[in-house]
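A look at the structure
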Amino acid sequence: MTKPFPNNPLLQENYAPVMAESVAPDLVVAEGELPEGLAGTLYRNGPNPMFPPLGQQHHWFLGEGMVHAIEVQGGKASYRNRWVQTEGYVAQRKAGRRLIDTSFGGPRAPGGEELPGNVANTNIVWHGGKLMALDEGSSPVAMDPVTLDTLGKWQFEGKYQGPMTAHPKIDPKTGEMMFFGYMAAGPGSPDISYQVVDAAGRLTRSDMFKAPYASMVHDFITTDEHVIFPIFPATIDVERIMKGGPVIAWDPSVRSRIGIMARNAGVDTIRWFEGDACYVYHPMNAYTSHEGGRTRVIADVMRYSRVPLFPNADGSKAPPELSDEVAQLVRWTFDLDGNTNSYTEEPLSDLGGEFPRLDERFAGLDYRHGFYAARRREAEKGSPFDTLVHIDLANGRRRSYEPGAGKFVMEPVFVPRHARAAEGDGWLVTLVYDKARNLSDFVVLDTGDISKGPIARVELPTRVPFGFHGNWRNAA
């Protein structure tokens, strides 16, 4: 018999896993109507541990991945969810018990010593005819876009070996996908890989360089002209690890280092800028500006004062929930013609949050509209975000959607109203967890004014645990 999950905040409430895979072909539209023009699938990925941890320690980032899909077509919606069947998932399911612990540096049970650590739980991306489940330390796992059946590890026709970030960037003009991997030369190494694949998914570039120090590099940023590699002091120190210290730890004694390279240049041209110790899990967007005879890179990011969910370098523990740190949306400006390696920072909003998104047709370009999840109410147990925000970066004005007491939002995803719609004209789609019903809803908001509430609310047959990221794929 499987033992119960421990009383860990990140295994309780809506962080707890769901144990059933299900299909619901005709969902109830409980409020409003689904727009006729909304046709496609929202894919969402997140950690869903299949068995309890081996010990009492558990990290949210290390549960096995489960993908949820809500397909919308002709005013109707359907739902399906599936675990990502990585090698570790298959071996543990066959054994009927946990073999790989869900803590950083945790033990392996007999039979799990040689299993890859890929949990494929962080993002789900469609590119080059492939639906790819991603974590940030492994190769992608391909999945069938309709059935969500796992098709196997995908290595770009065998030309690339992981790790690959969970946050690749797709150029809206060329269709190219750019991505990186940290610890690319092995555990604890400061080496970063950088790859480019064309619109058809063929690898066209592969480079390697050394970062100033080894750290957890969750995301990066691209513009139509530049690539930005941010290195923050969530350090990975082999000597510290060998002494029994934490694998990933906050060490503010080292500064943030931001590397910038022209997309058509070599990695030997990366210019490193320096800033205060901070952490960014997710940028909103970036673009390259040519004004007044100067070239600048402008990057809008969700900035934390320290890395959440990880201990300090001296081993002292981080607070157990996400509410200990709130990220602020700020703008960094890098003057590529300046004679210093510093950069400027200005706040863009006084309402903090996470999971920033944009109209992806403007990824890497000058843009105006951004979206993110925030918290307005007092923090509750197991309740990260209760509000969605639409910010107009041209004037700082915000509109927000608050679903109400006991309801919590997840990452917003923007869908254009049609292919030629103006920037930001369309719908926000997201999932909302209703604590009273212990179920989740698929919610559609009109970006004309999200404060008016859902134009459609679709009831799902299950709750979707708080997870990480998702993306929309238009119907063929």
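The structure we're discussing is the one just above.
What comes next is a walk through the structure. Here the structure is a predicted model, which is why all the values come from computation and not from measurement. (Residues numbered from 1 in each chain as written. Predicted model: local features only at pLDDT ≥ 70, side-chain atom pairs only at ≥ 80, totals over all residues. Heavy atoms only, no water.)

This next bit is on the overall build of the chain. Of regular secondary structure, the chain possesses 2 helices and 33 strands. At 21 Å, the chain has a C-alpha radius of gyration in line with the 23 Å of a compact globule built from 476 residues. Seen through its principal axes, the chain has C-alpha atoms that stretch 60 × 55 × 45 Å. Each of the 476 residues in the chain was classed as buried or not, and the buried ones make up 58%. Excluding contacts between residues fewer than 6 apart, the proportion of contacts in the chain whose partners are at least 24 apart in sequence is 60%. (Helix = DSSP H or I, 4+ residues; strand = E, 2+ residues; numbered from the N terminus. Rg over C-alpha atoms; globule rule 2.2 N^0.38 Å. Buried < 20%, exposed > 50% of the residue type's maximum accessible area, 1.4 Å probe, protein only. Contact = heavy atoms within 4.5 Å.)

By convention here, two paired aromatic rings are described through the distance between centres and the angle between planes. With the rule as written, the count across this model stands at 30 aromatic pairs. Between Y160 and F179, the aromatic rings sit 5.3 Å apart at their centres with planes inclined by 75°, giving edge-to-face as the arrangement. Remark: F179 occurs in strand β11 (residues 177-182) and Y160 occurs in the loop between β9 (150-153) and β10 (169-170); sequence separation between them is 19 residues. Judged by relative accessible area, which is 4%, Y160 ranks as buried. (Phe/Tyr/Trp six-rings, centres within 6.5 Å; stacked < 30°, edge-to-face > 60°.)

Here we come to the nonpolar core. Core analysis: the largest hydrophobic core is formed by 92 residues, its most contacted members being M216, F229, W332, F334, Y372, V429 and F442. Setting aside anything within four residues of it in sequence, one finds M216 in contact with E136, Y182, A234, I236, I248, Y279, Y281, V307 and F310. (Core = buried A, V, L, I, M, F, W, Y, C linked by side-chain atoms within 4.5 Å.)

What the 4 strands build is an open sheet, ordered β10-β11-β12-β13; its pairing is antiparallel. Taken across any chain shown, the strands that pair with only one partner, and hence form the sheet edges, are β10 and β13 (203-210). (Pairing = 2+ DSSP bridges.)

Moving on: helix α1 (residues 87-95). Among the residues of α1, G88, Y89 and Q92 are the ones counted as buried. The buried residues of α1 all sit within an arc of 100° when viewed along its axis, so they share a single face. Where the residues of α1 are buried, they touch β5 (76-83). Once α1 finishes, G96 follows within two positions and takes phi at roughly 75°, a positive value. (Arc of directions from axis to C-beta.)

What follows concerns the sheet that holds β5. Pairing is antiparallel in the open sheet, where 5 strands are placed in the order β1-β5-β4-β3-β33. Whereas interior strands pair on both sides, the edge strands pair on one side only; in this sheet they are β1 (23-24) and β33 (470-474). As defined by bridge partners, β1 adjoins β5 across 2 bridges and the pair is classed as antiparallel. Bridge pairing links A24 to Y79 in β5.

This brings us to the side chain of H58. Among the secondary structure elements, H58 is positioned in the loop between β3 (40-47) and β4 (65-73). By relative accessible area, H58 is classed as buried at 10%. One polar contact links H58 to T102, side chain to side chain, over a distance of 2.8 Å. With sequence-adjacent residues up to four places away left out, H58 is seen in contact with N8, L10, L11, P49, P53, T102 and S103. (Polar contact = N/O pair within 3.5 Å; in protein donor to acceptor, adjacent residues only side chain to side chain.)

What follows covers empty space enclosed by the protein. The rolling of a water-molecule-sized probe over the atoms marks out the regions of remaining empty space. If you walk through the whole model with that rule in mind, you get 6 cavities of 30 Å³ or more. By volume, the largest cavity is sized at about 70 Å³. Lining of the largest cavity is provided by 14 residues; of these, D219, F220, P230, F232 and V280 occupy positions nearest its centre. Looking at which element gives the most residues to the lining of the largest cavity, the answer is strand β20 (residues 279-291), with 4 residues. When its residues are assigned to classes, the lining of the largest cavity shows 12 nonpolar, 1 polar and 1 charged. (1 Å grid on protein atoms, 1.4 Å probe; cavity = no way out; pocket = protein on both sides within 12 Å on 5 of 7 lines; lining within 4 Å. Points joined across faces, edges and corners; volume = space filled by probe spheres on them. Nonpolar A, V, L, I, M, F, W, Y, C, P; charged D, E, K, R; others polar.)

All right, on to the pairing of β13 then. In terms of strand pairing, strand β12 (residues 191-197) meets β13 through 7 bridges, oriented antiparallel. From the neighbouring strand, S193 faces β13, where its bridge partner is M208. Connecting β12 to the antiparallel partner β13 that follows it, the hairpin turn spans 5 residues, and G201 within it adopts a positive phi of roughly 90°.

What follows concerns the pairing of strand β31 (residues 439-446). With respect to burial, β31 is a largely interior element, 6 of its 8 residues being buried. Bridge analysis of strand β30 (residues 426-434) against β31 gives 8 bridges, and the strand direction is antiparallel. Within β31, the residue paired with D434 across the bridge is L439. Remark: 4 residues form the turn of the hairpin made by β30 and β31, two consecutive strands paired antiparallel; N438 in that turn has positive phi of roughly 55°. Here 4 bridges tie β31 to strand β32 (residues 456-459), and the two strands are oriented antiparallel to one another. Counted as the bridge partner of D441 is E459 from β32.

Now for the pattern of salt bridges. Where charged atoms from two side chains of opposite charge approach closely, those side chains can pair. Under the defined criterion, the tally for this structure stands at 31 salt bridges. Notably, a salt bridge pairs R202 with D198, separated by 3.0 Å at the nearest N-O pair. When its relative accessible area of 45% is taken as the criterion, R202 is described as partly exposed. Judged by its relative accessible area of 16%, D198 is buried. (Salt bridge = Lys/Arg side-chain N within 4 Å of Asp/Glu carboxyl O.)

So, about the environment of T340. In this fold, T340 is placed in the loop between β22 (328-335) and β23 (344-347). Since its relative accessible area comes to 41%, T340 is described here as partly exposed. Those residues within four positions of T340 in sequence are excluded, and the remaining contacts are R271 and F273. Within the structure, the side chain of T340 is placed 3.1 Å from the side chain of S342, a separation counted as a polar contact.

Mapped onto the elements, A313 comes out in the loop between β21 (294-304) and β22. C-alpha of A313 to C-alpha of W472: the two residues are 159 residues apart in sequence and 38 Å apart in space. A313 has contacts with R240, P246, A249, W250 and D251, leaving out every residue within four places of it along the chain.

Residue A120 is not a glycine yet carries a positive backbone phi of 45°. Locating A120 in the fold gives a position in the loop between α1 and β6 (123-127). The buried category is assigned to A120, whose relative accessible area is 0%. At E157, a residue that is not glycine, the phi angle is positive and equals roughly 60°.

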